[in-house]
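Here are the chains, one letter per residue:
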Amino acid sequence: MEHEGKILEFSLYGGNFDKAGEASSKIKRLLQQIGIRADIIRRIAICAYEAEMNVIIHAQRGLLKATIFPDHTELRILDEGPGIPSIDLAMKEGFSTAPDHIREMGFGAGMGLPNIKRCADEFAITSEVGEGTDLIVRINHN
């Protein structure tokens, strides 16, 4: 593996539930191929999946970038969406702004950001209403 890390990038599109989970599955497969421990892969896959779903549910489009270093994986998710008016509120388990039709599909339960934070070793989120959200997550491999 190169010193700067292996990079995977995925374009995500709002409302594209047919492709939901593809990015996180591809990240998981690569981590398995390079021999990352299963418990670490699970945490990374949860973070990637929840972030991927947040873009599909809430934004027009976004980018998920996974950089895999020998000692950690960094996920960065940038989206063009409505932004988050209150990050504190969005971090509360069960709080969701997902519309009813999304909840009826089994998504939008308000656990995405809390699950990401719980699985991450480092978690940083910024958001601007009307612009979008920038999420950076680090999961250590040890």
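All values reported here derive from a predicted model rather than from experimental measurement.

A. Expanded view of the overall build of the chain. A tally of regular secondary structure across the chain gives five helices and five strands. When the helices and strands of the chain are listed from N to C terminus, the series reads β-α-α-β-β-α-α-α-β-β. Taking 2.2 N^0.38 as the reference for a compact globule, 142 residues should give roughly 14 Å; the C-alpha atoms of the chain span a radius of gyration of 14 Å, in line with that estimate. Each principal axis of the C-alpha distribution contributes one length, and for the chain these read about 40 × 30 × 25 Å. The burial tally for the chain puts 44% of its 142 residues in the buried class. Looking at the chain as shown, the accessible area adds up to about 7800 Å², and 48% of this sits on carbon and sulfur atoms.

B. Geometry of the packing of aromatic side chains. For the structure on display, the rule yields one aromatic pair. Each ring, one from Phe-17 and one from Phe-107, has its centre 5.3 Å from the other, and the planes form 25°; the classification is stacked. One end of the pair, Phe-17, is in the loop between strand E1 (6-13) and helix H1 (22-33); the other, Phe-107, is in the loop between helix H4 (100-104) and helix H5 (112-119), and 90 residues separate them in sequence.

C. Summary view of the environment of Lys-65. Position of Lys-65 among the secondary structure elements: in strand E2 (residues 61-68). Lys-65 gets classed as partly exposed once you look at its relative accessible area, which sits at 30%. Remark: the alpha-carbon pair of Lys-65 and Glu-9, spanning 56 residues in sequence, is separated by 4.4 Å. In this view, Lys-65 contacts Ile-7, Leu-8, Glu-9, Glu-74, Leu-75 and Arg-76; residues no more than four positions away in its chain are not counted.

Reading the values: the criteria
Residues numbered from 1 in each chain as written. Predicted model: local features only at pLDDT ≥ 70, side-chain atom pairs only at ≥ 80, totals over all residues. Heavy atoms only, no water. Helix = DSSP H or I, 4+ residues; strand = E, 2+ residues; numbered from the N terminus. Rg over C-alpha atoms; globule rule 2.2 N^0.38 Å. Buried < 20%, exposed > 50% of the residue type's maximum accessible area, 1.4 Å probe, protein only. Areas by Shrake-Rupley, 256 points an atom, 1.4 Å probe, with all protein chains shown as cover. Phe/Tyr/Trp six-rings, centres within 6.5 Å; stacked < 30°, edge-to-face > 60°. Contact = heavy atoms within 4.5 Å.

Function cannot be inferred from these measures alone, as they are strictly geometric.
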